[in-house]
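Listed below are the residues making up each chain.
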Amino acid sequence: MKILTATATAQGRRHNDFNYCIEGELVWIGLVCATDRRNPDGGCGCGRAFAGMSSHRATTTAMIRDVATDRRRYVSALRASLEAQRWPAAGADDLADGLMQLVGDWPVGTVVERRLDEVRVRDWPRHA
Ligand SMILES: [Zn+2]
């Protein structure tokens with residue numbers, strides 16, 4: 001199934017890109033703090049970042065990958081990550097559904113970026 005994951009691909013297109021995640025780890029779209037609330041290029045970085053579910057670090061680029069899992073395991077991975085970071089885990093099902101819906105229309109290999117509440121395509125998949 002298609003899942004949003006961290007990638008270094010297409011980093012550097014924006015001057016304030018960063019990537020502290022593990023390549024391929026699952027990411028989610030975390031909350032934005034007061035510093036970046038109105039500006040994805042704000043001083044913090046969370047307004048343009050995806051949050052790594054394993055590393056608990058962040059990246060400005062994410063890739064849609066085909067991961068051999070299912071919804072149940074995806075929800076459980078999200079829940080475990082939220083709990084580990086002391087976020088309320090009750091919303092893990094909705095979060096998983098939202099992320100699955102978000103990436104549903106994009107082909108595997110698409111690289112996306114985040115501008116606050118909006119996730120946009122940065123790079124379409126390359127064909128070998
Ligand atoms: Zn922030």
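Just so it is clear, the structure is predicted and the values come from calculations on it, not from any experiment.

K.L.:
Please provide a residue-by-residue account of the sheet that holds strand 1 (residues 2-6), values included.
P.N.:
Strand order in this open sheet of four strands is 1-5-6-7, and the pairing throughout is antiparallel. Here the strands that pair on one side only, and so sit at the sheet edges, are strand 1 and strand 7 (118-123). The sheet shows a mean angle of 40° between the axes of neighbouring strands, direction not considered. As defined by bridge partners, strand 1 adjoins strand 5 (residues 62-66) across five bridges and the pair is classed as antiparallel. Bridge pairing links lysine 2 to aspartate 66 in strand 5. The sheet strands contacting helix 2 (residues 92-103) are strand 1, strand 5 and strand 7, and the helix crosses strand 1 at an angle near 95°.

K.L.:
A description of the coordination of the zinc ion should follow, citing residues and the corresponding values.
P.N.:
All of the protein donors around the zinc ion are Cys33 (SG), Cys44 (SG) and Cys46 (SG); their distances to the metal are 2.1 to 2.2 Å. All donors of the zinc ion belong to a single chain; written as a sequence motif, their spacing is C-x10-C-x1-C. Here cysteine 33, found in the loop between strand 2 (27-28) and strand 3 (50-52), pairs with cysteine 46, found in the loop between strand 2 and strand 3; they are 13 residues apart in sequence, far enough to count as distant. Residue cysteine 33 is classed as partly exposed on the basis of its relative accessible area, which comes to 29%.

K.L.:
If you had to explain the packing of helix 1 (residues 71-84) against helix 2 to someone new, which residues and values would you point to?
P.N.:
The contact between helix 1 and helix 2 brings their axes to 9 Å, and the two run at 120°. The angle between the axes of helix 1 and helix 2 places the two elements in the oblique class. Here helix 1 and helix 2 pass one another in a crossing that is right-handed. Of the residues in helix 2, those touching helix 1 at Arg71, Tyr74, Val75, Leu78, Arg79 and Leu82 are Ala92, Asp93, Leu95, Ala96, Asp97, Leu99 and Met100. Classifying every residue of the contact of helix 1 with helix 2 by side-chain character gives nine nonpolar, no polar and four charged.

K.L.:
If you had to explain the UniProt feature "domain: DUF7715" (unreviewed entry) in the protein chain to someone new, which residues and values would you point to?
P.N.:
Feature annotation in UniProt assigns "domain: DUF7715" (unreviewed entry) to the following positions: residues 1-124. Secondary structure content for residues 1-124 is 21% helix and 23% strand, and the end C-alpha separation is 18 Å.

K.L.:
For the sheet that holds strand 2, give the residues involved together with the corresponding values.
P.N.:
On the basis of which strands lie adjacent, the open sheet formed by three strands has the order 2-3-4 and antiparallel pairing. If you trace the sheet from one side to the other, it starts and ends with strand 2 and strand 4 (58-59), each paired once.

K.L.:
Could you give an account of the layout of surface pockets, naming the residues involved and the relevant values?
P.N.:
Taken as a whole, the largest pocket spans an internal volume of roughly 250 Å³. Residue lining of the largest pocket: 18 residues in total, with Cys46, Ala49, Ala51, Arg57 and Ala58 positioned closest to the centre. In terms of residues, the lining of the largest pocket owes the most to one element, strand 3, which gives three residues. Along the lines of polarity and charge, the residues of the lining of the largest pocket split into eleven nonpolar, five polar and two charged.

K.L.:
Account for empty space enclosed by the protein, naming residues and giving values.
P.N.:
Evaluated as defined, the whole model comprises one cavity of 30 Å³ or more. Estimated volume of the largest cavity: approximately 30 Å³. Taken together, Arg14, Asp17, Arg48, Thr60, Glu113, Arg114, Arg115 and Arg122 make up the full set of residues lining the largest cavity. In terms of residue count, the dominant contributor to the lining of the largest cavity is strand 6 (residues 111-115) (three residues). Across the lining of the largest cavity, the residue classes tally to no nonpolar, one polar and seven charged.

Rules behind the numbers
- Residues numbered from 1 in each chain as written.
- Predicted model: local features only at pLDDT ≥ 70, side-chain atom pairs only at ≥ 80, totals over all residues.
- Heavy atoms only, no water.
- Pairing = 2+ DSSP bridges.
- Helix = DSSP H or I, 4+ residues; strand = E, 2+ residues; numbered from the N terminus.
- Axes fitted to C-alpha atoms, helices over the stretch in contact; angles between N-to-C directions.
- Contact = heavy atoms within 4.5 Å.
- Donors = N, O, S within 2.8 Å, 3.2 Å for Na, K, Ca; no water.
- Buried < 20%, exposed > 50% of the residue type's maximum accessible area, 1.4 Å probe, protein only.
- Parallel < 35°, antiparallel > 145°, perpendicular 65-115°, else oblique.
- Left-handed = near helix turned anticlockwise from the far one by under 90°.
- Nonpolar A, V, L, I, M, F, W, Y, C, P; charged D, E, K, R; others polar.
- UniProt positions renumbered as here; feature names shortened; annotations may be inferred.
- 1 Å grid on protein atoms, 1.4 Å probe; cavity = no way out; pocket = protein on both sides within 12 Å on 5 of 7 lines; lining within 4 Å.
- Points joined across faces, edges and corners; volume = space filled by probe spheres on them.

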